Amino acid sequence: MKSLIAALLAVMAIFFSGCAKAPMTERSQFIILSPSEELRLGLQASKQVMEESKGKLNTDKELVARIREVGFNIAKEADFYVAQAGLPKFDWEFHLIDEDIINAFCLPGGKVFVYSGLMKAAQNDAQLATVIAHEIGHAIARHGAERISTATAIDLGGVIAIGVAGSKSDMSASTMAAISIAYGIGSGLGKLKHSRIQESEADYLGLMMMAKAGYDPQEALSFWENMKKLNEKSALEFLSTHPLPDTRIKDIQNSMPEAMGYYEKSQKRQAIN
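Please read these numbers as outputs of a predicted model, since none were measured by experiment.

(A) Quick peek at the overall build of the chain. In terms of regular secondary structure, the chain is built from 11 helices and 5 strands. Sequence separation of at least 24 residues holds for 71% of the intrachain contacts in the chain that already meet a minimum separation of 6. With an accessible surface of roughly 12900 Å², the chain has 56% of that area assigned to carbon and sulfur atoms.

(B) Fine view of helix α2 (residues 35–52). Compared with an ideal rise of 1.5 Å per residue, which puts 18 residues at 26 Å, α2 spans 25 Å between its outermost C-alpha atoms and is within 8% of the ideal. Turning to α2, its buried residues are E38, L39, L41, G42, Q44, A45, S46 and V49.

(C) Summary view of the packing of helix α3 (residues 61–84) against helix α8 (residues 196–212). Contact geometry for α3 and α8: axes closest at 8 Å, N-to-C directions at 125 degrees. Between α3 and α8, the interaxial angle falls into the category oblique. As α3 packs across α8, the resulting crossing turns out to be right-handed. From α3, I74, E77, A78 and Y81 reach across to α8, where they touch L205, M208, M209, M210 and K212. By residue class, the composition of the contact of α3 with α8 is 7 nonpolar, no polar and 2 charged.

(D) Spatial organisation of the packing of aromatic side chains. A complete count under the given rule lists 7 aromatic pairs for this structure. Geometrically, the ring pair formed by F105 and F113 is stacked, given 5.1 Å between the ring centres and 20 degrees between the ring planes. For the pair F105 and F113, a shared accessibility class is recorded, and that class is buried. Their ring planes at 85 degrees and their centres at 5.0 Å tell us that F223 and W224 sit as a pair that is edge-to-face. Residue F223 shares its accessibility class with W224, and that shared class is buried. Each residue in the set F72, F90, W92 and F94 is aromatic and connected to the rest through ring pairs, giving one cluster. We note K212 situated over the ring of Y262; from NZ or CZ to the ring centre the distance is 4.5 Å.

(E) View of the environment of R196. Relative to the elements of secondary structure, R196 occurs in helix α8. Residue classification places R196 among the partly exposed residues on the basis of a relative accessible area of 43%. Expressed as a C-alpha distance, the spacing of R196 and T247, which sit 51 residues apart in the sequence, is 9.7 Å.

(F) Fine view of the confidence of the model for the chain. Looking at the chain, the pLDDT average stands at 80 and 71% of residues meet or exceed 70. Residue range residues 1–10 is modelled with pLDDT below 50. Its contacts to residues more than four positions away, or to other chains, number 2 contacts.

(G) Up close: the nonpolar core. I74, W92, I132 and I136 are the most contacted members of the largest nonpolar core, which has 54 residues in total. Residues F105, F113, Y115 and I185 belong to the second largest nonpolar core, which totals 8 residues.

Parameters at a glance
Residues numbered from 1 in each chain as written. Predicted model: local features only at pLDDT ≥ 70, side-chain atom pairs only at ≥ 80, totals over all residues. Heavy atoms only, no water. Helix = DSSP H or I, 4+ residues; strand = E, 2+ residues; numbered from the N terminus. Contact = heavy atoms within 4.5 Å. Areas by Shrake-Rupley, 256 points an atom, 1.4 Å probe, with all protein chains shown as cover. Expected span 1.5 Å × (residues − 1). Buried < 20%, exposed > 50% of the residue type's maximum accessible area, 1.4 Å probe, protein only. Axes fitted to C-alpha atoms, helices over the stretch in contact; angles between N-to-C directions. Parallel < 35°, antiparallel > 145°, perpendicular 65-115°, else oblique. Left-handed = near helix turned anticlockwise from the far one by under 90°. Nonpolar A, V, L, I, M, F, W, Y, C, P; charged D, E, K, R; others polar. Phe/Tyr/Trp six-rings, centres within 6.5 Å; stacked < 30°, edge-to-face > 60°. Lys NZ or Arg CZ within 6 Å of the ring centre and 35° of its normal. pLDDT = per-residue confidence, 0-100. Core = buried A, V, L, I, M, F, W, Y, C linked by side-chain atoms within 4.5 Å.

Shown next as structure tokens:
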């Protein structure tokens, strides 16, 4: 009983200190995990994903090199936002999982996983940059931690379980399931809808990062048009948990003038170099 009371008091203390702000938009967030706790969960989840993906990691050297080149170019720009958000430094990694799933995700700490099925929609490097930058935007804005916090606010036992798991080298199946849902790992996307606000923030952050990295932000519109066409052929699980492409495209168009400004500056820098 004493241990339960102590745990509940600890959870209450976390609740009262759970106010944070999203980078750039300054939106108030309810997050009960500290950045270091979230990083620890991200690193543990990354190890587990790598373990479960043995035999599924794509060995196409050209495609893997392409994903890493685009990824690290985005990461150079993302580091500024990581520091601005007061997060621990990200140790970037980019992996390709050979599964016909139209999905990608970025775990806390910069571990990015792309499924080969995504290449159906990402038909060039700029379109690939669109989705990688978007997923990195989720990580920088700590949307996974926000979803965990919101989901567990009505389930104190869940909060305690995640807190305990964060102190262990291996996570329980239930904790890994919660993280899969929150960070969009594999089919976890189907279990928890992304909020429109979070998606818009990730789109905005991603658009600015890809533009600064020298990728034409107009290709973000083409990427979502491709997703729209794929969805017309078969209902995509990815789109069942995200805003409709038409809605997203309209929002991206509203942010395009700012993004094009960054893109033009990046092109001038490249011309000088």
